Structures are given as structure tokens and as C-alpha cells.
Amino acid sequence: VPQAHKRDVRSGPNFKLIILVSVGLLAIVTVLGLIFGGSSGNKYLGMQFTYRLEHLRTLAADGSNVADNDLKKLASEAHIIITGHLTTIKPLIPTVKSDKKLTALKTAEQDAAGDKTLSDAKLNGAYDTAYKQLFEQKLQETYALATELHDKTSSKKLRTALEQLQTDLNSYYLRSLAIQL
């Protein structure tokens, strides 16, 4: 007499189901972390970029104190163009509620050390050289931060505006390098 096959019935947990649920929860937590954690970092990055660009505009305006006509003209032109870029970019940057981290970023981007270098150079008669070096450094730093923000943002408008800014920053950097003092 043939016997019916008995089905193995486990009274314990279904391991395939546990693994599937665990992977699903991990995926949800990862996506939420990217959405909320990443956007917060991008908002701080955007605000830091805005502060840096504002400082570069201020530095460009300080070019009116330069004796060299070519450098003065370049700084004046940069001031006008950077002001235009700020007008375009600033509304595209999400604002962050003021907190300690934001205050620290703003203070760092104001670059008190650079300002001191310029005031010392003015007293020592080396303002043009110090200004040119600081201006080129700030152009590079702003370009680098624009690249980082460009790579992290999902806004097409912001990416396009940053690309235009980067073209101008690169142009000013190369033109500044060509100026012989």
C-alpha cells in the first residue's frame, strides 16, 4: 500500500519571509536617509555656497583699491557679473533655519584671515600682489564649491546657473593669472 507523502510543516519562523522583510526595511531606511539626511546637507552646502559667493563679490568690490589698472578692471567686471549670478542663484538655494552650524559656516566664509592679509599688505605697500593672490584663491575655492553643489543638486535650473557661473569664474581666474604685477 503506497503511503501519502507527508509535507514537512515547520512550526518555526519562515526564514525567507524574515530575510525579505529585513531587506525591504533596510531599503526603506536607506531611501529615507538619503532623502532627509542628504537634503539637509545639500541645504547647508547651498547656504555655504551663497556665503562664499557673497564674499567673493565683496572681494571683487575691494578691487577698487588696487593700483594696477588691469587688475582693477578685472575685479570691477567680476563684481558686476558675480552680482548678476547671485541674483540668479540665490533664489534657487533652499534656505535653512538659522542655527549654530549655519552661523559657523557664515563666519568661516567671511574669511577674516584673508581680510587681515589684505590690510597688512596695504600697510606694507604690497596690496596689489596680496589682492591678486587672494582673489585667485577665492575664485578657485568658489569654483570647487560650485562643482560640489552642482553634482549634489537635483535642480536643473540651479545646475545650469552654476555651469554659467563656473565658466565666468574660470575666465576670471585665467585672466588674473595673465596679469603681471
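Above this note sits the structure.
This write-up is about the structure you can find in this document. Note that the coordinates shown come from a computational prediction; the quantities given were computed from them, not determined experimentally. (Residues numbered from 1 in each chain as written. Predicted model: local features only at pLDDT ≥ 70, side-chain atom pairs only at ≥ 80, totals over all residues. Heavy atoms only, no water.)

1. What about the overall build of the protein?
Argument step 1. Counting its regular elements, the protein contains 6 helices and 0 strands.
Argument step 2. When the helices and strands of the protein are read in sequence order from the N terminus, they spell out α-α-α-α-α-α.
Argument step 3. A buried classification covers 33% of the 181 residues belonging to the protein.
Argument step 4. Once local pairs closer than 6 in sequence are excluded, the contacts in the protein between residues at least 24 apart make up 83%.
Argument step 5. In the form shown here, the protein has an accessible surface area of approximately 11,800 Å², with 58% of it arising from carbon and sulfur atoms. (Helix = DSSP H or I, 4+ residues; strand = E, 2+ residues; numbered from the N terminus. Buried < 20%, exposed > 50% of the residue type's maximum accessible area, 1.4 Å probe, protein only. Contact = heavy atoms within 4.5 Å. Areas by Shrake-Rupley, 256 points an atom, 1.4 Å probe, with all protein chains shown as cover.)

2. Concerning the packing of helix α2 (residues 69-89) against helix α5 (residues 127-152)
Argument step 1. Packing of α2 against α5 leaves a shortest axis separation of 11 Å and a crossing angle of 35°. In the crossing of α2 with α5, the sense of the turn from one axis to the other is left-handed. Every residue of α5 that contacts α2 at Leu71, Leu74, Ala75 and Ala78 is listed here: Asp128, Tyr131, Lys132 and Phe135.
Argument step 2. Broken down by class, the residue content of the contact of α2 with α5 amounts to 6 nonpolar, no polar and 2 charged. (Axes fitted to C-alpha atoms, helices over the stretch in contact; angles between N-to-C directions. Left-handed = near helix turned anticlockwise from the far one by under 90°. Nonpolar A, V, L, I, M, F, W, Y, C, P; charged D, E, K, R; others polar.)

3. Section: helix α4 (residues 112-124)
Argument step 1. Helix length check: α4, at 13 residues, gives a terminal C-alpha distance of 18 Å against a target of 18 Å (1.5 Å per residue), a fit within 8%.
Argument step 2. Within α4, burial applies to Gly114, Leu118 and Ala121. What you see down the axis of α4 is that its buried residues fit within an arc of 65°, all on one side. For α4, the exposed residues set more than 90 degrees away from the buried face come down to Ala112, Ala113, Leu123 and Asn124.
Argument step 3. Gly125, located one to two residues past α4, shows a positive phi value of around 75°. (Expected span 1.5 Å × (residues − 1). Arc of directions from axis to C-beta.)

4. A look at unusual backbone geometry
Argument step 1. In this structure, Asp111 takes a positive phi of about 50° despite not being glycine.
Argument step 2. In this fold, Asp111 is placed in the loop between α3 (100-109) and α4.

5. Things to note about the packing of aromatic side chains
Argument step 1. Under the criterion given, the structure shown has 2 aromatic pairs.
Argument step 2. Aromatic pair Tyr131 and Phe135: ring centres 5.7 Å apart, planes at 10°, arrangement stacked. Taken together, the positions of Tyr131 and Phe135, both in helix α5 and 4 residues apart, correspond to about one turn of that helix. Taken individually, Tyr131 and Phe135 each receive the classification buried, so the pair is uniform in this respect. (Phe/Tyr/Trp six-rings, centres within 6.5 Å; stacked < 30°, edge-to-face > 60°.)

6. Some thoughts on the pattern of salt bridges
Argument step 1. This model, assessed by the stated rule, comprises 8 salt bridges.
Argument step 2. A salt bridge links Asp120 to Lys116, with the nearest nitrogen and oxygen atoms 3.1 Å apart. Separated by 4 residues within a single helix, Asp120 and Lys116 lie in helix α4, roughly one turn from each other.
Argument step 3. Residue Lys152 is joined to Glu148 by a salt bridge in which the shortest nitrogen-to-oxygen separation is 3.2 Å. Placement of the pair is Lys152 and Glu148 together in helix α5, with a separation of 4 residues, close to one helical turn. (Salt bridge = Lys/Arg side-chain N within 4 Å of Asp/Glu carboxyl O.)

7. Observations concerning the side chain of Lys138
Argument step 1. In this structure, Lys138 sits in helix α5.
Argument step 2. Given the relative accessible area of 10%, Lys138 is considered buried.
Argument step 3. Residue contacts for Lys138: discarding those within four places in its chain leaves His55, Leu56, Leu59 and Asp111.

8. Section: the nonpolar core
Argument step 1. In terms of nonpolar packing, the biggest core is built from 40 residues, with Phe49, Leu53, Ile89, Tyr131 and Phe135 touching the most fellow members.
Argument step 2. Where this core is concerned, the elements lending two or more residues are α1 (15-61), α2, α3, α4, α5 and α6 (156-178).
Argument step 3. Once residues within four sequence positions are removed from consideration, Ile89 is found in contact with Phe49, Leu53, Leu158, Ala161, Leu162 and Leu165. (Core = buried A, V, L, I, M, F, W, Y, C linked by side-chain atoms within 4.5 Å.)

9. Points about the environment of Thr160
Argument step 1. Relative to the helices and strands, Thr160 is located in helix α6.
Argument step 2. The exposure class of Thr160 is partly exposed, given its relative accessible area of 41%.
Argument step 3. Remark: the alpha-carbon pair of Thr160 and Ile89, spanning 71 residues in sequence, is separated by 9.7 Å.

Scope: geometric values only; no functional claims are made or implied.
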